[in-house]
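Spelled out from the first residue to the last, the chains are:
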Amino acid sequence: MCLAVPGRLEKVTVELDETFRIGKVSFEGIIKEVNLALVPEAKIGDYLLVHVGAAIGIIDEDEAKRTMEVLKEMGEDLIE
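An unreviewed UniProt entry lists the chain under the name HypC/HybG/HupF family hydrogenase formation chaperone, from Flavobacterium ginsengisoli. The Sequence similarities (unreviewed entry) field of the UniProt record for the chain holds the comment "Belongs to the HupF/HypC family."

Structure, rendered in structure tokens:
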């Protein structure tokens, strides 16, 4: 099973051309560098689905929040 986690694009840190970019993405305050090559249209403030360090899609804020809530609930179920 694969898992993509939603995060908010905070900053583009590397931009070699229109396609190859690296950005800093916040996952509820945890900042990670993410490859943005698959979402060249992504801009600061967008919510991205990230899988193994690569953004694979853009989603709206409501969907990002719902997904994070489900992931949190899944984590709680695993602990109990």
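From this point, the narrative continues.
Draft legend 1. A look at the pattern of salt bridges. Tallying each qualifying case throughout the model produces seven salt bridges. When the shortest N-O distance is used, the salt bridge between K72 and E28 registers 3.2 Å. With K72 in helix α1 (residues 61-79) and E28 in the loop between β2 (21-27) and β3 (30-35), this residue pair connects regions lying 44 residues apart in the sequence. Given the relative accessible area of 35%, K72 is considered partly exposed. For E69, the salt bridge identified is with K72, shortest N-O distance 3.7 Å. Taken together, the residues E69 and K72, both in helix α1 and three residues apart, mark about one turn of the helix. Each of E28, E69 and K72 takes part in one network of salt bridges that share partners.

Draft legend 2. View of the layout of surface pockets. Each pocket or cavity is described by its volume, and for the largest pocket that value is around 180 Å³. What lines the largest pocket is simply P6, G7, R8, S26, F27, E28, G29, Y47, A64, K65, M68 and E69. Of all the secondary-structure elements, those providing two or more residues to the lining of the largest pocket are β1 (5-15), β2 and α1. Top contributing element to the lining of the largest pocket by residue count: α1, with four residues. Each residue belonging to the lining of the largest pocket can be placed in one class, and the counts come to five nonpolar, three polar and four charged.

Parameters and conventions
Here the residue numbers are simple positions, counted from 1 along each chain's written sequence. The model is predicted, so local features are restricted to residues of pLDDT at least 70 and side-chain atom pairs to those at 80 or more, both for listing and for counting; the totals for chains, interfaces and linings are taken over all residues. Side-chain calculation: all heavy atoms of the structure are included, whereas hydrogens and water are not. UniProt positions are given in the numbering used here, feature names are shortened, and annotations may be inferred rather than shown by experiment. Think of a salt bridge as a Lys or Arg side-chain nitrogen and an Asp or Glu carboxyl oxygen that are within 4 Å of each other. Counting from the N terminus, the helices are DSSP H or I runs at least four residues long and the strands are E runs at least two residues long. When accessible area is computed with a 1.4 Å probe and restricted to protein chains, residues below 20% of their type maximum are described as buried, those above 50% as exposed, and intermediate ones as partly exposed. Only protein atoms enter the 1 Å grid, on which a cavity is a set of points fitting a 1.4 Å probe that cannot get out and a pocket is an open set with protein on both sides within 12 Å along at least 5 of 7 lines, lining residues being those with an atom within 4 Å of a point. Grid points are joined across faces, edges and corners, and a volume is the space filled by probe spheres set on the points. Residue classes follow a fixed rule: Ala, Val, Leu, Ile, Met, Phe, Trp, Tyr, Cys and Pro count as nonpolar, while Asp, Glu, Lys and Arg count as charged, and any other residue, Gly among them, counts as polar.

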